[in-house]
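Coordinate analysis (summary)
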Amino acid sequence: MIDLNNSDYEYGFHDDIEPKYSTGRGLTEETVRQISAEKNEPQWMLDYRLKSYKLYKKLPMPNFGPDLSKLDLKNMLYYQKMTDRKYRDWNDVPDKMKETFDRLGVPEAERKYLGGSSAQYESEVVYHNMRDEFKKLGILFTDTDTALKDYPELFKKWFGKLVKPADNKFAALNGAVWSGGSFIYVPKNVRCDIPIQSYFRLNSENSGQFERTLIIVDEGAKVDYVEGCTAPNYSSDSLHAAVVEVNVQKDAYCRYTTIQNWSDNVYSLETKRAAAAENATMEWVDGNLGSKVTMKYPSVYLNGENAKGTMLSIAVASNGIHQDSGARMIHNAKNTSSSIVSKSIAQTGGSVDYRGTVRFGKHSDGSKAHVECDTIIMDDQASSDTIPYNEIDNANVSMEHEARVSKISEEQLYYLMSRGISEAKATEMIVMGFVEPFTKKLPMEYAVELNRLISYEMEGSIG
Amino acid sequence: MTPDKLVQLATENNEPDWFIQKRIEALKLMDELEFPKMQRFDYHRWQLTSETSRIIRNKFEDSQDYILMDIFEATKKYPDLIKKYYMNKVIKSNENKLTAYHTAFLNQGLFLYVPKNTVLEKPIKLNLQQDSDSPFVSHILILAGENTQFSFIQKMTTVGDQKAVANCVVEIVAQANSVVKYAAVDELGDNVTSYLSRRAYVDQNAYVDWSIGLMNSGNTIADFDTDLYGEGSHSEIKVVDITSGRQQEGVNTRVTNYGKHSIGNINQRGVIMDRSKLIFNGIGHIIHGASGANAEQQNRVLMMSSKAHGDANPILLIDENDVLAGHAASVGQVDQKQLYYLMSRGIDKKTAQRMVIRGFLGDVLVSIPSQEIREQLIQTIERKLENGQQISENS
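Quick notes on the rules
- Residues numbered from 1 in each chain as written.
- Chains lettered and ligands numbered in written order.
- Predicted model: local features only at pLDDT ≥ 70, side-chain atom pairs only at ≥ 80, totals over all residues.
- Heavy atoms only, no water.
- Helix = DSSP H or I, 4+ residues; strand = E, 2+ residues; numbered from the N terminus.
- Rg over C-alpha atoms; globule rule 2.2 N^0.38 Å.
- Buried < 20%, exposed > 50% of the residue type's maximum accessible area, 1.4 Å probe, protein only.
- Areas by Shrake-Rupley, 256 points an atom, 1.4 Å probe, with all protein chains shown as cover.
- Lys, Arg positive; Asp, Glu negative; His and termini not counted.
- Charge placed at Lys NZ, Arg CZ, Asp CG, Glu CD.
- Contact = heavy atoms within 4.5 Å.
- Buried area = accessible area lost by both parts, 1.4 Å probe.
- Salt bridge = Lys/Arg side-chain N within 4 Å of Asp/Glu carboxyl O.
- Polar contact = N/O pair within 3.5 Å; in protein donor to acceptor, adjacent residues only side chain to side chain.
- Nonpolar A, V, L, I, M, F, W, Y, C, P; charged D, E, K, R; others polar.
- Pairing = 2+ DSSP bridges.
- Phe/Tyr/Trp six-rings, centres within 6.5 Å; stacked < 30°, edge-to-face > 60°.
- Lys NZ or Arg CZ within 6 Å of the ring centre and 35° of its normal.
- UniProt positions renumbered as here; feature names shortened; annotations may be inferred.
- Axes fitted to C-alpha atoms, helices over the stretch in contact; angles between N-to-C directions.
- Parallel < 35°, antiparallel > 145°, perpendicular 65-115°, else oblique.
- Left-handed = near helix turned anticlockwise from the far one by under 90°.
- pLDDT = per-residue confidence, 0-100.
- Domains from an automatic or database assignment.

1. Here's the deal with the overall build of chain B
Helix and strand counts for chain B stand at eight helices and 17 strands. Scaling as 2.2 N^0.38, a compact globule of 395 residues should have a C-alpha radius of gyration of about 21 Å, and chain B matches this with 21 Å. With the C-alpha coordinates aligned to their principal axes, the bounding extent of chain B is approximately 65 × 50 × 40 Å. Taking all 395 residues of chain B together, the buried fraction comes to 61%. For chain B, the accessible area works out to roughly 15,700 Å², and carbon and sulfur atoms hold 44% of it. Between the mean site of the 43 positive side-chain charges and the mean site of the 49 negative ones, chain B shows a separation of 3 Å.

2. With respect to the interface of chain A and chain B
On the side of chain B, 36 residues touch chain A, which itself brings 33 residues to the contact. Here chain A meets chain B over a buried area of about 2,700 Å², counting both sides, of which 44% is carbon and sulfur. Taken as a group, A:Y389, A:I392 and A:A395 account for 21% of the area that chain A buries against chain B, more than any other trio of residues on that side. At the boundary of chain A with chain B, the tally comes to four salt bridges. One salt bridge in this structure joins B:R40 and A:E391, with 2.3 Å as the shortest N-O distance. Put simply, chain A and chain B have 21 residue pairs in polar contact (both at pLDDT 80 or more) between them. Of all the elements in the fold, those that place two or more residues in the side of chain A that touches chain B are β24 (383-392) and β25 (398-406) of chain A. Sorting elements by how many residues they give to the side of chain A that touches chain B places β24(A) first, with 10 residues. Across the side of chain A that touches chain B, the residue classes break down as 12 nonpolar, 11 polar and 10 charged. Bridging between β25(A) and strand β17 (residues 324-332) of chain B involves eight bridges; their strand directions are antiparallel. Within β17(B), the residue paired with A:V405 across the bridge is B:A325.

3. Some words on the packing of aromatic side chains
All names here are of chain A. One pass over the full model with this rule turns up 31 aromatic pairs over all chains. Their ring planes at 15° and their centres at 6.0 Å tell us that Y151 and F183 sit as a pair that is stacked. Taken as a pair, Y151 in the loop between α6 (144-150) and α7 (152-158) and F183 in strand β6 (residues 182-186) lie far apart in primary sequence, 32 residues in all. Joined through ring pairs, the aromatic side chains of W44, Y48, Y151, F155, F159, W178 and F183 make up one cluster. A cation sits over an aromatic face here: K169 above Y56, 4.6 Å from the ring centre. We note K343 situated over the ring of F434; from NZ or CZ to the ring centre the distance is 4.9 Å.

4. Quick look at the UniProt feature "domain: SUF system FeS cluster assembly SufBD core" (unreviewed entry) in chain B
When the UniProt feature table is mapped onto this chain numbering, "domain: SUF system FeS cluster assembly SufBD core" (unreviewed entry) sits at residues 131-360 of chain B. Annotation note: span residues 131-360 of chain B, helix share 9%, strand share 60%, distance between end C-alpha atoms 34 Å.

5. Section: the environment of A:R328
Residue and element names in this part refer to chain A. Relative to the helices and strands, R328 resides in strand β20 (residues 328-331). As for R328 and P388, which are separated by 60 residues in sequence, their C-alpha atoms are 9.5 Å apart. Leave out the neighbours within four places in its chain, and R328 touches R273, Y297, P298, S299, V300, Y301, T357 and R359.

6. Section: the packing of helix α7 (residues 349-365) of chain B against helix α8 (residues 371-394) of chain B
All names here are of chain B. Where α7 meets α8, the closest approach of the two axes is 11 Å, and the angle between their N-to-C directions is 140°. With respect to each other, α7 and α8 are oriented oblique. Viewed along their axes, α7 and α8 form a crossing whose handedness is right-handed. Residue-level inspection shows K350, Q353, R354, I357, R358, L361 and L365 of α7 in contact with α8, the latter providing R374, L377, I378, I381, E382, L385, E386, Q389 and E393. Looking at side-chain class alone, the contact of α7 with α8 contains seven nonpolar, two polar and seven charged residues.

7. Quick word on the confidence of the model for chain B
Residue and element names in this part refer to chain B. Summary statistics for chain B give a mean pLDDT of 93 and a share of 100% for residues scoring 70 or more. Confidence, expressed as mean pLDDT per element, reaches its minimum in chain B at α8 with 84 and its maximum at strand β4 (residues 136-144) with 98. At the level of chain-chain contacts, confidence expressed as ipTM amounts to 0.84, with global pTM at 0.89.

8. Considering the UniProt feature "domain: SUF system FeS cluster assembly SufBD N-terminal" (unreviewed entry) in chain B
As recorded in UniProt, the sites labelled "domain: SUF system FeS cluster assembly SufBD N-terminal" (unreviewed entry) are residues 64-126 of chain B. For residues 64-126 of chain B, the helix share is 37%, the strand share is 22%, and the end-to-end C-alpha distance is 18 Å.

9. Here we look at the domain arrangement of chain A
When the parts of a complex come together, some accessible area is lost, and that lost area is often used as the size of the interface. All names here are of chain A. Domain assignment breaks chain A into domain 1 (19-295) and domain 2 (408-462). Relative placement of domain 1 and domain 2: their C-alpha centres are 32 Å apart. Every contact between the two is made by 14 residues of domain 1 and, on the other side, eight residues of domain 2. Roughly 1,000 Å² is buried in total at the junction of domain 1 and domain 2, and carbon and sulfur atoms are behind 71% of that figure. It is Y113, I259 and L289 that lose the most area in domain 1 upon contact with domain 2, and together they represent 44% of the buried surface on that side. Taken together, domain 1 and domain 2 are joined by one salt bridge. Connecting domain 1 to domain 2 are one residue pair in polar contact (both at pLDDT 80 or more). Going through the elements one at a time, β13 (253-260) and β15 (281-288) are the ones with two or more residues in the side of domain 1 that touches domain 2.

This is the structure in structure tokens:
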């Protein structure tokens, strides 16, 4: 059995930092007003928040997927600001917080291989910085709150364009109490070849993180964005309800990579959506290793001719963890193509589901889609559902979907063991081979880190 | 309908008290129960229930090898078997509004009992005909004793053009080591809104083979299910479906593996024409404990018109690790190269199109065990495709 027991979760530590400002537990209209006032926002944003809050009250909980009945929304901390300002130099970041990020390896990663980096602690981004060479090219990379102040027109033009608060209950909640997240604008024909990273950290018990990320990749431009998430272990639950909007314009390219490794008391209920214009490419790379419950179905609206959308994901679930994730590809224009490759591993009582949609609209002539879902169930306590919807409104399209669920291949295991490799090592090798299409797509350093993580989780898995 | 009227109708039909009681209980349940759930398909506006005003008794040919009789006659002659199996073991009357409706308003049906160790060389063939002046609430209960082997072939048609409701249930109990091959060609008329539910209960090492040609012209909801309870039980479900005109169809095909080493395969092919809509949900469910189980499914759909709507949703629900489960789905159009090739050989476009479609359905067609039913189905398919082509020409 693979030991994914989160008592070994290496990011489970927490530190004691008093917030500078907190709206306290629970959520009312007043909380929403307080957040907006604390952030000194323009009237339109307050209106937007209040409208979202009303919808949040009205919308039902999702009627599918994992059990959310234990999610305690009443005692959640909806907004906590830990510092008075945002820093550009790690030396200025308060010691305790810096220590946390040091332990998580964030500053080190930035020095070594990132074009820009930001770090969010509870509700607010505490640090962000970008290399001068990219600043000079006109790339804007900041936290979303600052973007609202500094680039009001650009912000208003794109904010909330892809994800409306009416979309689902947690998108509405995010609309009401959003805070932090990344804002990226890459100007025309600027190609940012080195990844930009954001790191999200939850620290207190029962806290909610509602980051809002907005990415605009202008015509012919390119960006590679990476996000990572961790939290301490607590006995009571936290909530991460992010909204991410990615606008990929004509001939542009965006890759959005997530390594989600929340502790096993975090509900991660996210709404991620991208729109790809003519000839644009949107790639989601999505690794779900942690959390208590994940519900996440990143989508690509293929709105321009020849637009391309891909999703490459892995999910690992154990010990009562429920990963319910997938992708949605919406073909709205001619000759668009999409590909979904999903690899899942369930073990020791975990559930891992693929839930996805491929839709070919009326105007999707000549479009193609390919979906592949593979699942390994490691032991007899784990389970997996594969629920793909394929909706076709056009005769001139083609779609292929394939899925497989099985245990670890005994033939492969037998072969390796006959070569003198231990069962534990052989199992690990097979799992690594299984997730390889995913790790290959990661920036090298992340691939190494991910391999280390998986291998760490496999330790002691047999015998 | 008041319970009194239903009692009167059943009494006139000379039904035993326990059977009438079952009707009344089901009638009461109808209000409480929901319509069966069909993913991605909304049919709540359809008229799917209508009161039965007369009950039809049918005569069936006797045989020395098996018992084939009217279901109402069977309630008198084999009350224990009917009590045990009819809407009680395979499909239960309290599952949903439509199964309750079925039990309450049943107006014709048959009981086939093939006793232990019987092997029938010739298939049992039946033509069921609906008269559109009345709802068609028909039941087929098939009880295959241990070590039996036989084929059952059923055809369904409509006469008359009044708007009508059909609610047809088939239950198969396949006892240990039996082999049951069931084939059906459904050709209910375009004036009929139907609910079809067919399900098998498969015991140890038994095998149930379903070949279904869903060729109805009217709106249809279909549930095709197999419950693989026995160790080593096995089922193959093959469905071909053509929708045309403005027809709407929702098909749920489900195999549930309970037994160890059970095998359940689904193979579905749909051709969607004109402005019609077809939703194919394939569900493979492996229950915890069914180690060594195997579930495979294929859902393939051919889109013939841009005004058509098609869904191919293959769903896997797996609660066991020592299994092999997989599914494949595809949606596409008529292969242009094949079409072009045939036309270059002097075949006109429409004929060529029909030939390519038949090739697409071929996979499923060739696996239909009876040659007769295969040929009938091919004829029906030809007719349906020709009609479909005609409609698209005129629109």
